[in-house]
Amino acid sequence: MRSKDNTTRINQANKTVLITGAAGGIGRATVSLFAESGWRVIGVDRSSFGDDFPGSGLFIKADISEPQDLEAIFTLAQGFSERLDALVNNAAVQIAKPLLETSVEEWDAVMVSNLRAVFLAVKLAFPLFKVAGSGAIVNVSSVHAVATSANIASYAASKGGLLALTRAMAIELAPDGIRVNAILPGAVDTPMLRAGLSRGHVGDGSLPERLENLANKTVIGRVGKPEEIAHAIYFLADETQSSFMTGQALIVDGGATARLSTE
Ligand code: NAI
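First, a word on what this report is: a plain description of the structure on this page. (Residues numbered from 1 in each chain as written. Predicted model: local features only at pLDDT ≥ 70, side-chain atom pairs only at ≥ 80, totals over all residues. Heavy atoms only, no water.)

### A short note on the environment of A187
If you trace the backbone, A187 turns up in the loop between β6 (178-185) and α5 (191-196). Owing to a relative accessible area of 22%, A187 belongs among the partly exposed residues under this scheme. Between the C-alpha atom of A187 and that of V110, which follows or precedes it by 77 residues, the distance is 19 Å. Every residue in contact with A187, bar those within four places of it in the chain, is listed here: L193, L214, V223 and G224. (Helix = DSSP H or I, 4+ residues; strand = E, 2+ residues; numbered from the N terminus. Buried < 20%, exposed > 50% of the residue type's maximum accessible area, 1.4 Å probe, protein only. Contact = heavy atoms within 4.5 Å.)

### Description of the site of the ligand
Within the structure, the ligand sits among 30 residues, and D45, D63, N90, Y155 and T190 are positioned closest to it. One of the backbone N or O atoms of R46 is found 3.2 Å from a nitrogen atom in the ligand. Taking V188, its main chain carries an N or O atom lying 2.8 Å from an oxygen atom of the ligand. For the ligand, whose unbound accessible area comes to 830 Å², protein coverage reaches 93%. Among the elements that line the shell around the ligand, the one with the most residues is α5, at 3 residues. Here the residues of the shell around the ligand sort into 15 nonpolar, 11 polar and 4 charged. (Near = heavy atom within 4 Å. Polar contact = N/O pair within 3.5 Å; in protein donor to acceptor, adjacent residues only side chain to side chain. Areas by Shrake-Rupley, 256 points an atom, 1.4 Å probe, with all protein chains shown as cover. Nonpolar A, V, L, I, M, F, W, Y, C, P; charged D, E, K, R; others polar.)

### Describing the pattern of salt bridges
Counted under the stated rule, the structure contains 6 salt bridges. Close ionic contact of E106 with K97 constitutes a salt bridge, the shortest N to O distance being 3.0 Å. (Salt bridge = Lys/Arg side-chain N within 4 Å of Asp/Glu carboxyl O.)

### Notes on the environment of P185
Within the secondary structure layout, P185 lies in strand β6. P185 gets classed as buried once you look at its relative accessible area, which sits at 6%. Ignoring anything within four residues of it in the chain, the contact list for P185 reads V140, S141, S142, V143, I229 and V252.

### Considerations on the packing of aromatic side chains
Under the defined criterion, the tally for this structure stands at 6 aromatic pairs. On the basis of an interplanar angle of 55° and a centroid distance of 4.8 Å, the ring pair of F34 and Y234 is categorised as tilted. Taken as a pair, F34 in helix α1 (residues 25-36) and Y234 in helix α7 (residues 226-237) lie far apart in primary sequence, 200 residues in all. Y234 sits in the buried class, given a relative accessible area of 9%. Ring geometry for W39 against Y234: centres 6.1 Å apart, planes inclined by 70°, an arrangement best described as edge-to-face. Taken together, the positions of W39 in the loop between α1 and β2 (40-45) and Y234 in helix α7 put the pair 195 residues apart, joining distant regions of the chain. Of the two residues, W39 and Y234, neither departs from the other in class, the shared state being buried. Here a set of aromatic residues connected by ring pairs shows up, and it is made of F34, W39 and Y234. (Phe/Tyr/Trp six-rings, centres within 6.5 Å; stacked < 30°, edge-to-face > 60°.)

### Focus: unusual backbone geometry
Although it is not a glycine, N151 adopts a positive phi angle of roughly 70°. Along the chain, N151 falls in the loop between β5 (135-140) and α4 (153-173). Judged by relative accessible area, N151 falls into the partly exposed class, the value being 27%.

### What to know about the nonpolar core
Counting residues in hydrophobic clusters, the biggest one holds 27 residues, and the most contacted among them are L18, L70, I73, F74, L87 and I137. Counting residues per element, the ones that place at least two in this core are β2, α2 (67-80), α3 (104-132), α4 and β6. Looking at this core, the element that brings in the most residues is α3, giving 8 residues. The residues touching L70, leaving out its near neighbours within four places in the chain, are I64, A117, L120, A121 and L124. Ranked by size, the runner-up nonpolar core spans 26 residues in total, among them I19, F34, I229 and Y234. (Core = buried A, V, L, I, M, F, W, Y, C linked by side-chain atoms within 4.5 Å.)

### Focus: the pairing of strand β4 (residues 86-89)
The alternating pattern of β4 places A86 and V88 on one face and L87 and N89 on the opposite face, and all of these are buried. Strand direction decides the pairing type here: strand β1 (residues 16-20) and β4, joined by 3 bridges, are parallel. Residue pairing across strands places I19 opposite V88, the latter belonging to β4. The pairing of β4 with β5 spans 4 bridges and is classified as parallel. Bridge pairing in β5 places N89 opposite N139. For the crossover that starts at β4, traverses α3 and ends in the parallel β5, the hand is right-handed. (Pairing = 2+ DSSP bridges. Right-handed = clockwise from strand over helix to strand, strands pointing away.)

Here you go:
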């Protein structure tokens, strides 16, 4: 940890964050929040972002399921900024189908993007964290890590694994001043959520009806907004707010997991 009188102590304006899945629903909101807060943002996604990526940042179009792409991402990141203060592992895929109908290829595709890529990204990010002297990793898991439903087994398994990986990383990286926490969002209105509503868990009505059914299942009575997850990610990334937290799971789900499903 840096001492208060350390003259190399940086202000927020010099901090750099790398966010995967930057072009998705939660990713875009997270890119905006960090940029508005003065961070230099490196965004990564295999989909295009469009023209509105923050001017002070860098967008890299790449596929994190490919180890060589991940190596190229961190080479480019190092060219952009010699240091990294936060890494947000947010990219993921979801396959919504019965376990017995899931192929080996589909199972592997979920594990590779949602779990292996996080392991590799952290290995590749480590030298950049060392330059910074400390840092924070935020792994975007899911409430499916702790309670789940039918037809989403591979995704639930990947998110449970990510939670276990978060704890393991927190223990091994603490000596280097790197905190590692997970965020477990509940239902948040993004393209992934809307695609997953085909699972049948909220009825087979129209899309607005399914969204309404989902909203009614939460304690707060609505689904979340991507910005609400971005704020929780920011909290875990920002040393001034969460410096005594590591290896933890922060659930942001409108109270969905607070209520017994049997009552
Ligand atoms: P999204 O589908 O809108 O965004 C995900 C982004 O990740 C997409 O832009 C996609 O292109 C990118 N991506 C996926 N695999 C990639 C790969 N191999 N390489 C590069 N980019 C890749 O989904 P959303 O909802 O924004 O999800 C963000 C995170 O939040 C995910 O980890 C998801 O599992 C998690 N989450 C979302 C919830 C929700 O209700 N929306 C609930 C719980 C967790």
